[in-house]
Amino acid sequence: GYAPGSPFSGFRLRFDEMGTPAWSSTSPPFPMLYWLILVLVVGFTGFGMYLIWRDVRRELAVADMKSQFAASVSHELKTPLTAIRMFAEALAMGVRSEPEAQREYLRTIISESERLSRLLGNVLDFSKIEQGTRTYRFEPVSLEAVVRDAAKAMAFALGQKGFDLRIEADPGLPSQRADKDALEQAVLNLLDNAMKYSGRSREIRLR
């Protein structure tokens, strides 16, 4: 043993050697375990930051889409409202007393009112789809009948702007299980876009 010296004279210290435990010899060295934990922490932190960045980016994109949608809807609603007010005021002031002119004004008011109803229906559908509450009624539907009904609803607006709509439907088309109103709304939107973006062309073909 070792003599600790004064004031512990007469005492001796003895240190027994301790063997290395079996589990210690099989465990990884401390630096390796430290780096492994560090890599896991950094990896989980980076993955979490990526998820947050993705969610924030998605929310910003949705907010931008909503802003553009609101601006587009506001612009679209003003057009039929302006036409309705203009022709209604013209009728009230008796600008055109001819019966045919009055009927033309009234047809324009009815057409623009229907267009306004379609726009509002689109807004409501958009809201329902976003909330996941939009429901569809599937039943056998004639696709040609859907197209004809949509063309009939747009006939006055097409005629006012000088468009010639040509419908081509293959004979004997089988009926399909679908939501008639949703399909017709889709065709109406396509026809409305065709009117907006046809440039100088005045022929629209729906096949």
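Above this text sits the structure in question.
Residues numbered from 1 in each chain as written. Predicted model: local features only at pLDDT ≥ 70, side-chain atom pairs only at ≥ 80, totals over all residues. Heavy atoms only, no water.

Attention shifts here to the overall build of the chain. Along the chain, the regular secondary structure elements total five helices and four strands. Relative to the globule expectation of 17 Å for 207 residues, the C-alpha radius of gyration of the chain, 38 Å, shows a markedly less compact shape. Viewed in the frame of its principal axes, the chain has a C-alpha envelope of about 135 × 50 × 35 Å. Across the 207 residues in the chain, those meeting the buried criterion constitute 18%. (Helix = DSSP H or I, 4+ residues; strand = E, 2+ residues; numbered from the N terminus. Rg over C-alpha atoms; globule rule 2.2 N^0.38 Å. Buried < 20%, exposed > 50% of the residue type's maximum accessible area, 1.4 Å probe, protein only.)

For the coordinates displayed, the defined rule picks out four aromatic pairs. Judged by centre distance (6.3 Å) and plane angle (50°), the rings of Y136 and F138 are tilted. Judged by its relative accessible area of 40%, Y136 is partly exposed. The ring of F163 has R202 lying over it, and the distance from NZ or CZ to the ring centre is 4.4 Å. (Phe/Tyr/Trp six-rings, centres within 6.5 Å; stacked < 30°, edge-to-face > 60°. Lys NZ or Arg CZ within 6 Å of the ring centre and 35° of its normal.)

By the element assignment, Q102 lies in helix α3 (residues 99-131). Relative accessible area serves as the criterion here: at 32%, Q102 is assigned to the partly exposed category. C-alpha separation for the pair Q102 and A155, spaced 53 residues apart in sequence, amounts to 19 Å.

Over its 33 residues, α3 extends 48 Å from the first C-alpha to the last, a length consistent with the 48 Å expected when each residue adds 1.5 Å. Those residues of α3 that sit buried are A101, Y105, T108, I109, S111, E112, R115, L116, R118 and L119. With its phi angle positive at about 75°, G132 sits one or two positions after the end of α3. (Expected span 1.5 Å × (residues − 1).)

On to helix α4 (residues 143-160), then. The end-to-end C-alpha distance of α4, which contains 18 residues, comes to 26 Å, matching closely the 26 Å that a straight helix rising 1.5 Å per residue would cover. If you look at α4, its biggest bend is around 50°, right at M154. Along α4, the residues classified as buried are V146, V147, A150, A151, M154, A157 and L158. Contacts from the buried residues of α4 go to α3, β1 (139-141), β2 (164-167), α5 (180-196) and β4 (203-206). Two residues or fewer past α4, G162 is found with a positive phi of approximately 80°. (Bend = angle between axes of the 7 residues up to and from the residue. Contact = heavy atoms within 4.5 Å.)

Moving on, we get to the nonpolar core. Core analysis: the biggest nonpolar cluster contains 12 residues, these being V147, A150, M154, A157, L158, F163, V187, L188, L191, M195, I204 and L206. Only α4, α5 and β4 provide two or more residues apiece to this core. No other element matches the five residues that α4 contributes to this core. Discounting chain neighbours no more than four positions away, the residues touching F163 are L158, M195, S198, S201, R202 and I204. Ranked by size, the runner-up nonpolar core spans five residues in total, among them I84, A90, Y105 and I109. (Core = buried A, V, L, I, M, F, W, Y, C linked by side-chain atoms within 4.5 Å.)

A contiguous nonpolar surface patch, about 600 Å² in accessible area, is contributed by L33, L36, I37, L40, V41 and F44. For L40, the location among the structural elements is in helix α2 (residues 30-93). (Patch = residues over 30% accessible without salt bridge, like charges linked within 9 Å, V, L, I, M, F, W, Y side chains within 5 Å. Areas by Shrake-Rupley, 256 points an atom, 1.4 Å probe, with all protein chains shown as cover. Salt bridge = Lys/Arg side-chain N within 4 Å of Asp/Glu carboxyl O.)

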